[in-house]
Each structure stands twice: as C-alpha cells, then as structure tokens.
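Residues per chain are reported as follows:
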Amino acid sequence: MGSVGLNSITSSSAGGGIDVQGIVDQIIYSERAPERLMQAQQTQLNSQAAALRDISSKLTDLEATTDNLNDLSGNFNAKVVTSSDSDLLTATASGSADAADHTIVISSLATTSSYYTDRLASGSDTFLTGSFDLQIGSGAPTTITVDDAHNTLDALAAYVNELDIGVSARVVTDTQGARLALVSESAGESGDLTITNNTSGLVFNKGETGTNASLTVDGVPVTSDSNTVAGVIPGVTLNLVGAAPGTTVLLAVKSDTTQPSSAINDFVTSYNALVQAINAQFTYNAATGSAGVLSGSTSLRMVQQRILSDVGYSITGNGGFVNLSTIGLEMADDGTLTVDGTKLDDALQNHFGDVQNLLQSTSPSGFARNFSADLDQLTDSVNGPLNAELTGITQNVDTIADGIQDFEDRIAQRQQQLIEEYSRIDALVRQIPLTLAQINSQLGSLQS
C-alpha cells in the first residue's frame, strides 16, 4: 500500500470517514511518474518526426526542381519562334526544332470548298424531292436522297450533318430568303466539293473551290492542303495567316530563355527553403536556452554538409561558366543563394549553350546532373539518412506507445486494488464512533 499523510486520514475521520478517492488519486499520481517520463519522451520524438517530415518534404521539392534543370527535353530544350510579319505568318516550335532563321513567302492560302443553293422563302418551305451526288476530293460520291422527310432546307441540313461525311450543312437566311450552304470540313484540293446528278428541286451553285496553299520555305516550293503546315521545317508548325506574293517573312527559331530562367529561380527558391529549415534546427535560441529538436541529429548534419558541398560544385573550361556564381547565383554567409537577374539573363541570352552545358553536361557531370544524383541518395525511401532516422523514431514512438498502454493496464488494476483497500479502511474508520458509543453505553450501565 502506498504511503498517505496522516492528515489525509485524520481530517477525513473527523467527518465520519476518509476521502478514499482523494487518497487513491495521490498514490496513483505518484506511481504514474514513469509514465509521465515516457509521455515526455513520446512528445519529444513526435516533434522530431514532424521536423524531419518537413525537412524531408523540402528536400524532395529541391530534388524536383534540380531534376527540372537536368531534364534534357525540358525547360532548356524549349524553343520560341518570332515572325517578322504576324499578319502573314505565325509559328510554334517543339524542343526538337533547331535554332535557325528561315525565309518564307506565302503566295496563296488554302481555301475551303463550298456550295450554296438558290434562295427559298424560308428554311421550312418545301421543294421537289429527288437526290444528288456529293463528292469530296477524289473520294467516292455519296448519294443524298431528298424524300418527303427531308425536302425543306432545315430538314436537309440536319440530315446531311447526321451522315457525318465530312461536309457541314447549314441554312443561311438573309432579307431575301434562305439558302442551304454546304461547306467542306477539309481545306485544299483534297477537300474540294463536287455535286452531280441533281434531280432534286434545289439549284446548287459553286461557292468556293478548294485549293492548296502555295509558299516557299528557304526557297523551296511547298504546297499544303491546310493553312497549318507541319513537317516542312523539322519541329516547327507554320500557321499561314495571309498571302502576299513577293513578300518575304523572316522566321527566327531560338532557344526560349524565359523557361530556363524560371527553372533556375525555382531551384533557388526550393534550395533556400531547405537550407533555412536546416539552419533553424542548429540555431541556438537564447530565450529558450536551446536549439531545434533536431540539433543533435547527425543525419541532418550530414545532409546539410552534402548539399552545401554540392551547391559549390564546379567544372572546368566551358567558356568560363564553371559554377553557379558564374551565371549570377551567389552564396550568402548562411548558405542560401541570391540571384543576380542581370547576370543570369546575360548568360542565358548570350551564352545559352555554355549555361546548359554547365547544368546538364554528361562528361564531366554538369551541376544539375551531379546534384540530382546526390539528391536521389539523400531522398531514398529506405537508405536516405533522414528517412532512415524517421523510421527509427517512428519505431521508438510505437514502442513507447505500447509501453504506455501496458502501464495503463497495470495502473488500472492498481487503482482498483487501492480503492478496495482504502474502502475497507474507510468502513473501519466509520465504525469507530459506533464502537465508542457502544463502549460508553456499557460503561454507563455498569456505573448505574
């Protein structure tokens, strides 16, 4: 039985009993000291785990932005196209396009074939039934049967559209009446429409003849059945907007420097977030007289040393662009990076190949390639130092949680035992006044 102060009993005895629950609570609180120690350890470990997860997340973010710098088909492969006359020509380019200048003359645009009928009073007026053959380019003709269900312009337009043969039909209404318009869904000669064998009550008129676009690209004649021309310049898609025979449009395909600049700035942002989070763990707080919960982590210290070493990585030669400093990224005293935007823009505009080589070279390994390889190891889900430490902490937390649960089971039994013991004492204490009364009564009887 745990020890209890005499006052706890005597003060309660004066009232006819003892405070059973109060006495048991005091004993249980005293005996819970080992559990409170386990809970404090659990709280500390949970704080360490939370800090590790936060830093691991920032390390993963840094890996992603570094991989972007190392992606041979990514930001550094993007191309931008400029046209000397966007009223005549625009263009887009994929990463496979070569940086080069091209001269283009657009003699004519591709046209879309169409037919239209003579006017009727309205789209709902009927006309004689019959049929007509509708041919697209050199394809087989399609016979359009005009029966009693389709002998209005509205019904016939809907019927042709339902056939889905590559022709769009619609009713065009103006102040003088309604016409049926048939428009090829394909431009150029291959989409040219022909109507023959017309026995219906409609009169068809040729609107536009489908013709191919005609242009020269770097002096080479080109025809296209579309005003979107792909494949003539590898990786470049031309969008023909207007025709001007004899007018030369200059098309410049260049490396897009805006995307690499954004990728480099994203890398710096994620790198600085990681460095600042690590620094905070090792910074002494004078107010609390302590550092971060991970201040004693050798794993975190190792990660800090490796990323600081990696960010100072250099290669040789390469036109003098050998490390981050040479493209405008400078390291501060706390290990974070700052970006000299003017210096970076100049490097990308005038030494794009050297900057790309600095980051992505395979032999020797460029900065991003080297850093990515190291980050792959640091973020490994099993062997990465932070993940390994986190696994150990999680196991310890689980072990302590099991210990606390076992302790709770034992303390519950102990509490029940104490309640029973002190309840018996309470009963005895409450019996004392009755016993005294009986004794006094007997003594009184003897005196009488």
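Residue numbers run consecutively from 1 along every chain, following the written order of its sequence. Two thresholds apply to this predicted model, a pLDDT of at least 70 for residue-level local features and 80 or more for giving and counting side-chain atom pairs, whereas whole-chain, interface and lining totals are computed over all residues. Computation of side-chain values: all heavy atoms of the structure, hydrogens and water removed.

Undergrad: Help me get a handle on the overall build of the protein, residues and values and all.
TA: Working definition: helices are DSSP H or I runs of at least four residues, strands are E runs of at least two. Numbering for both runs from the N terminus. A tally of helices and strands in the protein yields 10 helices and 17 strands. Against the compact-globule benchmark of 22 Å for 448 residues, the protein has a radius of gyration of 44 Å, which places it well outside the compact range. C-alpha atoms of the protein, sized along the principal axes, occupy 145 × 75 × 35 Å. Counting the 448 residues in the protein, one finds 38% classified as buried. Working definition of accessibility: Shrake-Rupley area with a 1.4 Å probe, residue cover restricted to the visible protein chains. If you sum the accessible surface of the protein, you get close to 22,800 Å²; carbon and sulfur atoms cover 49% of it. A residue counts as positive if it is Lys or Arg and as negative if it is Asp or Glu; His and the chain ends are not included. We put the charge of a Lys on NZ, of an Arg on CZ, of an Asp on CG and of a Glu on CD. Here the protein contributes 18 positively and 50 negatively charged side chains, and the mean placements of these two sets differ by 11 Å. Based on C-alpha atoms, the radius of gyration is set beside the globule rule, defined as 2.2 Å times the residue count to the power 0.38. Here the term buried applies to any residue with accessible area under 20% of the maximum for its type, exposed to any over 50%, and partly exposed to those in between, with areas from a 1.4 Å probe on protein chains only.

Undergrad: With reference to specific residues and values, describe the nonpolar core.
TA: Counting residues in each nonpolar core, the largest one holds 61 residues, and the members touching the most others are Phe267 and Ile327. Looking at this core, the elements with two or more residues in it are helix H2 (20-31), helix H3 (33-70), helix H5 (258-282), helix H6 (298-311), helix H7 (341-350), helix H8 (352-360), helix H9 (367-378) and helix H10 (385-447). Top contributing element to this core by residue count: H10, with 11 residues. We define a nonpolar core as any set of buried Ala, Val, Leu, Ile, Met, Phe, Trp, Tyr and Cys residues linked to one another through side-chain atoms lying within 4.5 Å.

Undergrad: Give me the lowdown on H2, citing residues and values where you can.
TA: Expected span, for any helix, means 1.5 Å times one less than how many residues it has. Compared with the 16 Å implied by 1.5 Å per residue over 12 residues, the 17 Å span of H2 between its first and last C-alpha is a close match. Considered for burial, the residues of H2 that qualify are Val20, Gly22, Ile23, Val24, Ile27 and Ile28.

Undergrad: Help me get a handle on a negative patch on the surface, residues and values and all.
TA: Where like charges cluster on the molecular surface, the negative patch consists of Asp398, Asp402, Asp406 and Asp409. With respect to the element layout, Asp409 can be found in helix H10. Nonpolar side chains (Val, Leu, Ile, Met, Phe, Trp, Tyr) within 5 Å and like charges within 9 Å form the patches, drawn only from residues with over 30% relative accessible area and no salt bridge. Think of a salt bridge as a Lys or Arg side-chain nitrogen and an Asp or Glu carboxyl oxygen that are within 4 Å of each other.

Undergrad: Describe the pattern of salt bridges, listing the residues and the values that go with them.
TA: A full pass over the atoms with the stated rule returns 8 salt bridges. Note that Lys206 is salt-bridged to Asp192, the shortest N-O span being 3.0 Å. With Lys206 in strand S10 (residues 204-206) and Asp192 in the loop between strand S8 (177-187) and strand S9 (193-196), this pair connects stretches of sequence that are 14 residues apart. One network of salt bridges, in which partners are shared, links Arg32, Glu35 and Glu408.

Undergrad: So what's going on with the packing of H6 against H9? Which residues, and what values?
TA: All axes are obtained by fitting lines to C-alpha atoms, using only the stretch in contact for helices, and the reported angles, taken between N-to-C directions, cover 0 to 180 degrees. Running from amino to carboxyl end, H6 crosses H9 at an angle of 170 degrees, the nearest separation of the two axes being 10 Å. As judged from the angle between their axes, H6 and H9 are roughly antiparallel. Note on element contacts: H9 touches H6 through Phe367, Asn370, Phe371, Asp374, Gln377 and Leu378, opposite Val303, Arg306, Ile307, Asp310 and Val311. Asp, Glu, Lys and Arg are counted as charged, while Ala, Val, Leu, Ile, Met, Phe, Trp, Tyr, Cys and Pro are counted as nonpolar; the rest, among them Gly, fall into the polar class. Grouping the amino acids of the contact of H6 with H9 by side-chain chemistry returns 6 nonpolar, 2 polar and 3 charged. Throughout, the term roughly parallel applies to angles under 35 degrees, roughly antiparallel to angles over 145, roughly perpendicular to angles from 65 to 115, and oblique to all others. Only heavy atoms enter the contact rule, under which two residues are in contact if any of them lie within 4.5 Å.

Undergrad: Let's hear about the packing of H5 against H7: which residues, and what values?
TA: Following both chains from N to C, one finds H5 and H7 inclined at 140 degrees, their axes separated by 10 Å at the closest point. Here H7 runs oblique to H5, going by the angle between their axes. For the pair H5 and H7, the sense of crossing is right-handed. Along the contact surface, H5 presents Pro260, Ser261, Ile264 and Asn265, while H7 presents Leu344, Asp345 and Leu348. Across the contact of H5 with H7, the residue classes break down as 4 nonpolar, 2 polar and 1 charged. Crossing handedness is read from the near helix: turned anticlockwise from the far helix by less than a right angle, it gives a left-handed crossing, and turned clockwise, a right-handed one.

Undergrad: Describe the side chain of Thr379, naming the residues involved and giving the relevant values.
TA: When you line up the elements, Thr379 lands in the loop between H9 and H10. Look at Thr379 and you get buried, because its relative accessible area is 19%.

Undergrad: So what's going on with the sheet that holds strand S14 (residues 236-240)? Which residues, and what values?
TA: An order of S2-S14-S13 is seen for the 3 strands of this open sheet, with the pairing classed as antiparallel. The open sheet terminates on both sides in strands that have one partner only, identified here as strand S2 (89-93) and strand S13 (228-233). Taking each pair of neighbouring strands and ignoring which way they run, the sheet shows an average axis angle of 30 degrees. Strands were regarded as paired on the criterion that DSSP finds at least two bridges between them. One ladder, built from 5 bridges, connects S2 with S14; its direction is antiparallel.

Undergrad: How would you sum up the packing of aromatic side chains? Please name residues and give values.
TA: Two aromatic rings from Phe, Tyr or Trp, using only the six-membered ring of Trp, form a pair when their centres are within 6.5 Å; if the ring planes differ by under 30 degrees the pair is stacked, by over 60 it is edge-to-face, and anything between is tilted. Throughout the structure, instances matching the rule amount to 6 aromatic pairs. Residues Phe76 and Phe352 carry aromatic rings whose centres are separated by 5.7 Å and whose planes lie at 45 degrees to one another, so their mutual orientation is tilted. Linking Phe76 in the loop between H3 and strand S1 (79-83) with Phe352 in helix H8, this pair joins segments that are 276 residues apart in sequence. The exposure class of Phe76 is buried, given its relative accessible area of 2%. Geometrically, the ring pair formed by Phe267 and Tyr271 is stacked, given 6.1 Å between the ring centres and 25 degrees between the ring planes. Taken together, the residues span about one helical turn, with Phe267 and Tyr271 both in helix H5 at a distance of 4 residues. Assigned by exposure class, Phe267 and Tyr271 land together as buried.

Undergrad: Lay out a nonpolar patch on the surface in plain terms, naming residues and giving numbers.
TA: On the surface, a cluster of nonpolar side chains totalling about 500 Å² of accessible area is made up of Ile432, Leu436, Ile439, Leu443 and Leu446. The topology assignment puts Ile439 in helix H10. For Ile439, a relative accessible area of 39% corresponds to the partly exposed category.

Undergrad: Describe unusual backbone geometry, listing the residues and the values that go with them.
TA: In this structure, the amide linkage connecting Ser363 to the following residue, Pro364, adopts the cis form with an omega of -5 degrees. Here Pro364 lies in the loop between H8 and H9. Of note, the phi angle at Asp218 is positive, near 55 degrees, even though the residue is not glycine. Counting through the fold element by element, Asp218 comes out in the loop between strand S11 (213-217) and strand S12 (220-224). Classification of Asp218 by relative accessible area gives partly exposed; the value is 40%. Residues other than glycine seldom take positive phi values, yet Asn318 does so here, at roughly 55 degrees.

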